[in-house]
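One-letter residues, chain by chain:
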Amino acid sequence: MAATTPDTAAAAPRKRRDRTHYLYIAVIVAVALGIAVGLIWPDAAVQLQPLGTGFVNLIKMMISPIIFCTIVLGIGSVRKAAKVGAVGGIALGYFLVMSLVALAIGLVVGNVLHPGAGLHLTNALKQTGHAQVSSDALPPVDFVLSVIPKTFVSAFTEGQVLQTLLVALLAGFALQAMGTAGQPVLRGIEHLQRLVFRILSMVMWAAPIGAFGAIAAVTGSAGLDALKSLAVLMLGFYVTCVLFVFVVLGAVLRIFAGVNVFSLCRYLAREFLLILSTSSSESALPRLIAKMEHLGVSKPVVGITVPTGYSFNLDGTMIYMTMASLYIADALGTPMSVGEQIPLLLFLLLASKGAAGVSGAGLATLAGGLQSHKPALVDGVGLIVGIDRFMSEARALTNFAGNAIATVLVGTWTKEIDKVRVAKVLSGELPFDETVMDATAGTVAEVPEPREERLAKA
């Protein structure tokens, strides 16, 4: 009996402890300390901004290789290119519809609240508003051309998500056409993906430092007094985002996918905390890809929907631009009629796609769109600069939630989702393995096979 004990122990591998919950407790503590430092020592707190910027830049460094690996593996493993086109078409159609819905909701709330009435604009604020006009927001034709990278490698070095997306699509289709000859390359990319996710898991341990610096700097620069006059706009925007996610998107998710939005958000709780502390939805992009695959959505759907959604499915940004435009118009004493509002907002809808990937895209897109379509309102952009950092958190959270829900919906509509696995994951029976971060790092069998292969086996 004693001789068999070592064999038995060897046969049962030790499960690694999940220590990442300490990381997110540390993030919460860091946010609280950052707010305290920002209120007590505001001048010193402002100097901590590089800590937050550095952490977000570390995350952005990983985004291009993660998107490339995810899309290439997703497309390269699909036998028919038509399926990829179907997924992309359904995703883009859904993004357009939801963007219009978000604009409409922001339009209604903005016209009901009129939060900008009675404010006064100084010359300093006018200059601040004009300074926000970004040259990075391109007109439609130039935007389409900018998607094409100068070289194959520059798609990764310039940090443009859409350029990486284009290169990854071409590489994925090429490997798909190569058939069995491309399998060694796919296996190599799969190993590269595991390496990238492992590096990302190391970077994530710097999250408390980044959260502390970012929150301390914004609290120290804005303070509480500076926020009082804009409290109505902030509260209205936050409430609108919450209603949009949990009422509008929640109803769509329940009707078409049979998934409870609260269960999905609970599953993504750590990602929401990360976004809240860094004010950047990009910081959670790699984790969203891994978690959607673990949830039961197929690789092609995740690989196409998530990266594309980060550029084209910006529900929070749509609501923000709508309410901010109406706020500025009221503050300047030139309220717009509905006939003036609709063309402006449709223009901003297009302009937001041209600013995809721009740092601080919400404010930069708003200022650039107003400069092109209604220049008289650019003066008022300075009114919201002080609270844009706080509003950007709600924008990022809403954008992230919208993309997670979109991935589940597209997977449902294309029949590329394992409903049984979804139920088990959301109920906690199949928890996400935080020790490896990547849902595919342990075994490829965890990700559901494409539907055509499942039918062929049946």
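Residues numbered from 1 in each chain as written. Predicted model: local features only at pLDDT ≥ 70, side-chain atom pairs only at ≥ 80, totals over all residues. Heavy atoms only, no water.

**Some thoughts on the overall build of the chain**
Each helix and strand in the chain was counted, giving 23 helices and zero strands. With an accessible surface of roughly 20000 Å², the chain has 68% of that area assigned to carbon and sulfur atoms. (Helix = DSSP H or I, 4+ residues; strand = E, 2+ residues; numbered from the N terminus. Areas by Shrake-Rupley, 256 points an atom, 1.4 Å probe, with all protein chains shown as cover.)

**Thoughts on the side chain of Thr414**
Its location among the elements puts Thr414 in the loop between α21 (385-413) and α22 (419-427). A distance of 2.7 Å separates the side chain of Thr414 from the backbone oxygen of Val410, its partner in a polar contact. Sequence-distant contacts of Thr414, that is, excluding residues within four places in its chain, are made with Val87, Ile90 and Val301. (Polar contact = N/O pair within 3.5 Å; in protein donor to acceptor, adjacent residues only side chain to side chain. Contact = heavy atoms within 4.5 Å.)

**Digging into the pattern of salt bridges**
Evaluation of the coordinates by the stated rule reveals four salt bridges. Between Arg287 and Glu271 there is a salt bridge, with the nearest N and O atoms lying 2.4 Å from each other. Taken as a pair, Arg287 in helix α16 (residues 285-295) and Glu271 in helix α15 (residues 269-278) lie far apart in primary sequence, 16 residues in all. Note on accessibility: Arg287 and Glu271 belong to one class, buried. The partner of Glu271 in a salt bridge is Lys291, with the nearest N and O atoms 3.1 Å apart. Of the two residues, Glu271 sits in helix α15 while Lys291 sits in helix α16, which places them 20 residues apart along the sequence. The network of salt bridges with shared partners includes Glu271, Arg287 and Lys291. (Salt bridge = Lys/Arg side-chain N within 4 Å of Asp/Glu carboxyl O. Buried < 20%, exposed > 50% of the residue type's maximum accessible area, 1.4 Å probe, protein only.)

**Brief notes about the packing of aromatic side chains**
For the structure shown, the criterion picks out seven aromatic pairs. On the basis of an interplanar angle of 80° and a centroid distance of 5.3 Å, the ring pair of Phe272 and Phe400 is categorised as edge-to-face. Taken as a pair, Phe272 in helix α15 and Phe400 in helix α21 lie far apart in primary sequence, 128 residues in all. As far as the burial class goes, Phe272 and Phe400 line up, both buried. One aromatic cluster is present, formed by Tyr94, Phe95, Phe256 and Trp413 through successive ring pairs. (Phe/Tyr/Trp six-rings, centres within 6.5 Å; stacked < 30°, edge-to-face > 60°.)

**Some words on helix α10 (residues 183-203)**
Between its first and last C-alpha atoms α10 spans 30 Å; for 21 residues at 1.5 Å apiece the expected length is 30 Å, and the two agree. Taken together, the buried positions of α10 are Leu186, Ile189, Glu190, Gln193, Val196, Phe197, Leu200, Ser201 and Val203. Down the axis of α10, the smallest arc covering the buried residues is 150°, so these residues share one side. Along α10, the residues that are exposed and aim more than 90 degrees away from the buried face are His191 and Met202. (Expected span 1.5 Å × (residues − 1). Arc of directions from axis to C-beta.)

**Looking at a nonpolar patch on the surface**
A cluster of nonpolar side chains, Leu96, Leu100, Val338, Ile342 and Leu346, forms an exposed patch at the surface whose accessible area comes to about 420 Å². Broken down by secondary-structure element, the contributors of at least two residues to the nonpolar patch are α5 (81-113) and α19 (338-354). Examining the composition of the nonpolar patch, we find that three residues originate from one element, α19, more than from any other. Looking at the element boundaries, Val338 is found in helix α19. (Patch = residues over 30% accessible without salt bridge, like charges linked within 9 Å, V, L, I, M, F, W, Y side chains within 5 Å.)

**Comments concerning the environment of Leu285**
Here Leu285 shows up in helix α16. Judged by relative accessible area, Leu285 falls into the buried class, the value being 2%. With 223 residues separating them in the primary sequence, Leu285 and Met62 have C-alpha atoms 9.7 Å apart. In this structure Leu285 touches Ile63, Ile67, Val306 and Tyr310, once residues within four positions along its chain are discounted.

**Remarks on unusual backbone geometry**
A positive phi angle, near 60°, is found at Lys415, a position not held by glycine. Residue classification places Lys415 among the partly exposed residues on the basis of a relative accessible area of 47%.

**Quick notes on the environment of His191**
Structurally, the position occupied by His191 is in helix α10. Residues His191 and Cys69 lie 122 residues apart in sequence; the distance between their C-alpha atoms is 9.5 Å.

**A look at the packing of helix α4 (residues 49-76) against α10**
As a packed pair, α4 and α10 sit with axes 9 Å apart at the nearest point and diverge in direction by 155°. On the basis of their axis angle, the class for α4 and α10 is roughly antiparallel. At the point where α4 passes α10, the crossing takes the left-handed sense. Contacts between α4 and α10 involve Phe55, Leu58, Ile59, Met62, Pro65, Ile66, Phe68, Cys69, Thr70, Val72, Leu73 and Gly76 from the former and Leu186, Ile189, Glu190, Leu192, Gln193, Val196, Phe197, Ile199, Leu200 and Val203 from the latter. Class assignment for the residues of the contact of α4 with α10 results in 18 nonpolar, three polar and one charged. (Axes fitted to C-alpha atoms, helices over the stretch in contact; angles between N-to-C directions. Parallel < 35°, antiparallel > 145°, perpendicular 65-115°, else oblique. Left-handed = near helix turned anticlockwise from the far one by under 90°. Nonpolar A, V, L, I, M, F, W, Y, C, P; charged D, E, K, R; others polar.)

**Looking at α22**
Among the residues of α22, those classed as buried are Arg421, Val422, Val425 and Leu426. End-on, the buried residues of α22 take up no more than an arc of 125°, which puts them together on one face. Packing partners of the buried residues in α22 comprise α14 (261-267) and α16. At the N-terminal boundary of α22, the capping side chain belongs to Asp418, with an oxygen 3.2 Å from the backbone nitrogen of Val420. A positive backbone phi angle near 95° is found at Gly428, which sits one or two residues after α22.

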